[in-house]
Amino acid sequence: MSVELAASDVLAEGLAAIQADVDSAFDAFMPVPDDTRARLVEAMRYASIGGGKRVRPLLVAATAQMFGVDRDAAVRAGCAVEAIHVYSLIHDDLPCMDDDDLRHGKATLHKQFDEATAVLAGDSLHALAFEILSDESISGDPFTRAELIATLARASGMSGMAGGQMMDMAAEHSNYDLQAITRLQQLKTGALLAASVEMGAILGHVSPEGRAHLRAYARDIGLAFQIADDLLDHDGDEAKAGKALRKDDEQGKQTFVTLMGADGARNQANALVEQANGHLANYGEEATLLRALARFIVERDR
């Protein structure tokens, strides 16, 4: 069996396993109450169960696995990251933000329910993420739990995802150069991907100094991920993507594709993947899934 085939098998198994584990965990985290909160929890479940590639939870689990972390703890941490990701998608889709009607091939949450319920569902998923990380079941060490919480909080707020979204909202009326676009995407997309890798290492009790190469890997795949997204928005298939495409062009936003051209952007994404995997040179077969994930990020069609 070739190395490429072995890696693709590992990736397929990893994606299938994490998708099943995350759905099962979210199902347990969000039982529908027998009172008027039911609509809120049903909305949370609609947005979070049975959709998405689960790249972020898989990054947590794949990194944690390299350091012998218990699978249940890694899945829980992955669910916390995914809860933040899903909340951000719910809010991004609202009329006051990107005003989208379709996500993962089905109606966006505010279309399926209503705008007020969508806001509350996003807020509640945000809160759920930190509830999960603060629970002793994820780690008996309070310092580990505190570091997980701090890492995800930084990646989610003004110094991470939300800050990047603010820059993205301003992009329609700004003339961003490549440096500014890179900074925007390092915050909006890259911060949460980087946190996923970092949190896996935190669960494995890897010292901050020992995580430098993993941070470098995460930084490179974060940029590669966004370049791939820009390419999908430029020439992807809406049916496969399960969402509206070509919106950046319509809004006049600068992207990696508009600044580098499609071929230049594609070459840059591939170079970033090679560079990312170079940061894993000190690992052997235990890093096969992380290497395969890096390649998947630029080859996906949705």
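In the block above lies the structure referred to throughout.
Residues numbered from 1 in each chain as written. Predicted model: local features only at pLDDT ≥ 70, side-chain atom pairs only at ≥ 80, totals over all residues. Heavy atoms only, no water.

## What to know about the nonpolar core
A general trend in soluble globular proteins is that nonpolar side chains are found buried together.
Step number 1: Counting residues in each nonpolar core, the largest one holds 92 residues, and the members touching the most others are Leu59, Leu109, Leu125, Leu152 and Tyr217.
Step number 2: If near-sequence neighbours (up to four positions away) are discounted, leucine 109 is found in contact with Ala43, Tyr46, Ala47, Ile90, Asp114, Ala118 and Ala121. (Core = buried A, V, L, I, M, F, W, Y, C linked by side-chain atoms within 4.5 Å. Buried < 20%, exposed > 50% of the residue type's maximum accessible area, 1.4 Å probe, protein only. Contact = heavy atoms within 4.5 Å.)

## Let's talk about the packing of aromatic side chains
Step number 1: On inspection of all chains with the given rule, the structure shows two aromatic pairs.
Step number 2: Ring plane angle 80 degrees and centroid distance 6.3 Å describe the contact between phenylalanine 67 and tyrosine 283, whose orientation is recorded as edge-to-face. On the criterion of sequence distance, the pair formed by phenylalanine 67 in the loop between α3 (55-66) and α4 (71-92) and tyrosine 283 in the loop between α14 (262-278) and α15 (288-299) is long-range, its members being 216 residues apart.
Step number 3: Classification of tyrosine 283 as buried rests on a relative accessible area of 16%. (Phe/Tyr/Trp six-rings, centres within 6.5 Å; stacked < 30°, edge-to-face > 60°. Helix = DSSP H or I, 4+ residues; strand = E, 2+ residues; numbered from the N terminus.)

## Details of the packing of α4 against helix α9 (residues 178-203)
Step number 1: At a closest axis distance of 10 Å, the pairing of α4 and α9 adopts a crossing angle of 160 degrees. As judged from the angle between their axes, α4 and α9 are roughly antiparallel. Crossing hand, α4 versus α9: right-handed. Contact residues: Ala73, Ala74, Ala77, Val81, Ile84 and His85 in α4; Leu192, Ser196, Met199 and Leu203 in α9. (Axes fitted to C-alpha atoms, helices over the stretch in contact; angles between N-to-C directions. Parallel < 35°, antiparallel > 145°, perpendicular 65-115°, else oblique. Left-handed = near helix turned anticlockwise from the far one by under 90°.)

## A few points about unusual backbone geometry
Step number 1: If you check the backbone angles, arginine 54 has positive phi at about 65 degrees while not being a glycine.
Step number 2: With respect to the helices and strands, arginine 54 occurs in the loop between α2 (38-48) and α3.
Step number 3: A residue is classified by how much of its surface remains accessible, and arginine 54, at 3% relative accessible area, is buried.
Step number 4: Positive phi, normally seen in glycine, also occurs at histidine 205, with a value near 60 degrees.

## Here we look at the packing of α3 against α15
Relative orientation and spacing of two packed helices are given, respectively, by the angle between their axes and the distance between those axes.
Step number 1: Close contact between α3 and α15 brings their axes to 9 Å; oriented N to C, the two are set at 155 degrees. With respect to each other, α3 and α15 are oriented roughly antiparallel. Handedness of the crossing formed by α3 with α15: left-handed. Of the residues in α15, those in contact with Val55, Leu58, Leu59, Ala62, Thr63 and Met66 of α3 are Leu289, Leu290, Leu293 and Phe296.
Step number 2: Grouping the amino acids of the contact of α3 with α15 by side-chain chemistry returns nine nonpolar, one polar and no charged. (Nonpolar A, V, L, I, M, F, W, Y, C, P; charged D, E, K, R; others polar.)

## Focus on the side chain of threonine 182
Step number 1: Inspection of the secondary structure puts threonine 182 in helix α9.
Step number 2: Residue threonine 182 is classed as buried on the basis of its relative accessible area, which comes to 19%.
Step number 3: Not counting chain neighbours up to four residues away, the residues in contact with threonine 182 comprise Leu223 and Phe256.

## Concerning the pattern of salt bridges
Step number 1: Counted under the stated rule, the structure contains 17 salt bridges.
Step number 2: In this structure, arginine 45 and aspartate 27 form a salt bridge, with 2.6 Å as the shortest nitrogen-oxygen distance. Of this pair, arginine 45 sits in helix α2 while aspartate 27 is found in helix α1 (residues 3-29), placing the two residues 18 residues apart along the sequence.
Step number 3: As a salt-bridge pair, aspartate 114 and arginine 39 come within 3.0 Å of each other at their nearest N and O atoms. (Salt bridge = Lys/Arg side-chain N within 4 Å of Asp/Glu carboxyl O.)

## Remarks on the environment of alanine 118
Step number 1: Relative to the assigned elements, alanine 118 resides in helix α6 (residues 115-134).
Step number 2: On the basis of relative accessible area, alanine 118 is assigned to the buried category, the value being 0%.
Step number 3: Taking C-alpha positions, alanine 118 is 9.1 Å from threonine 108, a pair spaced 10 residues apart along the chain.
Step number 4: Those residues in contact with alanine 118, other than ones at most four positions away along the chain, are Ile90, His91, Leu94, Leu109 and His110.

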